[in-house]
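Residue-level listing of the chains:
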Amino acid sequence: MTGFVAVHTGAGNFLDETLYQNVCREACNQAVNVLYAGGSALDACERAIVILENSTATNAGIGSNLNWDRQVECDACIMDGASLQFGACTSVTDVKNPISLARNLCERQSKLLSFGRIPPMVLAGQGASAYAREIGLQLVPAEHMISGKAAKKYDHYRAQIMQYEESNQVKLSPLDTVGAVCVDAEGSIVAGCSSGGLMLKLSGRVGQAATYGAGCWAMMDEGNSMSAASCTTGNGEYLMKTLFAKELVDDLIGCNCPITSQHLTYKKKLLESPFLSKQKAIHAGSLSLIYNTASGDGDLLWAHTTNSMCIGFMSTRQKKPKFVFSKLPQNLTCGTKPVINGHHFKLI
């Protein structure tokens with residue numbers, strides 16, 4: 001199986017990108033190995049995000065940010081562009097890999113439950129944990145999801161909650177949602193993301209990483225031989241209000257220039273959105289793929305309005321993954337304009 005996979009570790013202010021090089025490369029290597037072994041794009045995308053969740057350097061799975069009550073509450077979602085099925089979980093406290101739960105829910109969408117009941121698309125809290133246990137996913141004591149790094153950040157913020165400003169929060173808590181996009185040579189395309197959410201978020205808060213249309217989106221347009229997918233990161237509430245992942249994909253399908261398409265989507269659908277008219281700074285990022293099944297040509301695109309973003313990518317034709325530390329140019333103000341770059345690849 002030939003294919004291409006890309007991952008990111010969140011948009012923010014990465015003070016030391018070397019912390020994320022290894023995990024990005026490992027996620028890409030493992031996902032490509034899944035494709036080599038005959039796995040699907042869905043298998044590869046899930047595997048990549050599992051690796052990201054298992055790293056305590058990221059804000060997903062083990063090591064996630066702690067909420068106001070000093071607990072981990074994880075969100076995750078995944079979408080299969082071939083079937084257009086979506087699955088997500090939210091407020092998960094004891095599932096080691098929330099993306100695997102989201103993937104199971106995604107696949108179950110096409111199978112009715114007993115007595116003709118419609119299967120759930122999103123599960124939350126204790127119900128999500130019970131379902132994960134039922135399908136054999138690994139559960140761990142909730143306290144095992146808390147890393148020393150996350151606990152230290154929590155203690156720092158909790159002690160100074162009345163003093164620090166939002167800008168300081170962004171600076172000192174740089175990590176956000178992790179994500180992955182994957183496509184195979186047949187055009188089957190998948191996007192997924194996983195997150196611990198905002199530091200000191202209210203208990204029960206649902207982020208874009210569990211929200212339909214906001215955290216990830218993927219679709220195939222067989223009539224035009226095109227496939228596209230995107231996963232997002234940043235201010236979750238802003239991404240949810242604008243259904244930003246879906247907007248990115250909708251605009252990519254059928255576009256003449258992917259870079260131009262991304263610029264226009266950020267400008268018109270996010271930064272100038274009427275839903276966000278009162279916001280002066282909008283911190284966001286995305287990782288997107290567009291692929292032509294007829295020619296075998298594809299483009300990976302990464303964009304962010306934050307100071308920086310770490311990305312890894314690899315195709316089955318490459319010997320090793322590529323790591324990119326993307327930075328906002330000094331002439332741009334954080335939260336007001338995006339930097340957008342891309343990488344062309346070929347699978348056929």
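Naming follows an unreviewed UniProt entry, where the protein appears as Threonine aspartase of Anopheles atroparvus.

Let us look at the side chain of Asp184. Structurally, Asp184 can be placed in strand 5 (residues 178–184). Although buried, Asp184 forms no salt bridge, and the nearest oppositely charged side chain, Arg103, lies 11 Å from it. A distance of 2.9 Å separates a polar side-chain atom of Asp184 from the backbone nitrogen of Glu186. The contact partners of Asp184, leaving out residues within four places of it in the chain, are Met1, Thr2, Gly3, Ala41, Tyr291 and Leu347.

Turning next to the packing of helix 2 (residues 41–54) against helix 3 (residues 98–108). At their nearest, the axes of helix 2 and helix 3 sit 8 Å apart, and the two run at 155° to each other. Comparing their axes, helix 3 and helix 2 come out roughly antiparallel. Across the interface between the two elements, Leu42, Asp43, Glu46, Ile49, Val50 and Glu53 from helix 2 touch Pro98, Ile99, Ser100, Arg103 and Glu107 from helix 3. Within the contact of helix 2 with helix 3, the residues separate by chemical class into 5 nonpolar, 1 polar and 5 charged.

Now for the sheet that holds strand 12 (residues 322–327). Pairing within the open sheet is mixed, and its 8 strands lie in the order 4-3-2-6-5-1-11-12. The two strands at the open ends of the sheet, each matched to only one other strand, are strand 4 (122–124) and strand 12. For this sheet the average axis-to-axis angle between neighbouring strands, irrespective of direction, equals 10°. Note: strand 2 (residues 74–80) against strand 3 (residues 85–92), 6 bridges, orientation antiparallel. Bridge assignment links Ile78 to a residue of strand 3, and that residue is Gly87. Packed onto the sheet, helix 1 (residues 18–36) meets strand 1 (3–12), strand 5, strand 11 (308–315) and strand 12 and runs at close to 155° relative to strand 1. With respect to the sheet, helix 2 is in contact with strand 1, strand 2, strand 5 and strand 6 (189–195), its orientation differing from that of strand 5 by roughly 155°.

What counts and what doesn't
- Residues numbered from 1 in each chain as written.
- Predicted model: local features only at pLDDT ≥ 70, side-chain atom pairs only at ≥ 80, totals over all residues.
- Heavy atoms only, no water.
- Helix = DSSP H or I, 4+ residues; strand = E, 2+ residues; numbered from the N terminus.
- Buried < 20%, exposed > 50% of the residue type's maximum accessible area, 1.4 Å probe, protein only.
- Lys, Arg positive; Asp, Glu negative; His and termini not counted.
- Salt bridge = Lys/Arg side-chain N within 4 Å of Asp/Glu carboxyl O.
- Polar contact = N/O pair within 3.5 Å; in protein donor to acceptor, adjacent residues only side chain to side chain.
- Contact = heavy atoms within 4.5 Å.
- Axes fitted to C-alpha atoms, helices over the stretch in contact; angles between N-to-C directions.
- Parallel < 35°, antiparallel > 145°, perpendicular 65-115°, else oblique.
- Nonpolar A, V, L, I, M, F, W, Y, C, P; charged D, E, K, R; others polar.
- Pairing = 2+ DSSP bridges.

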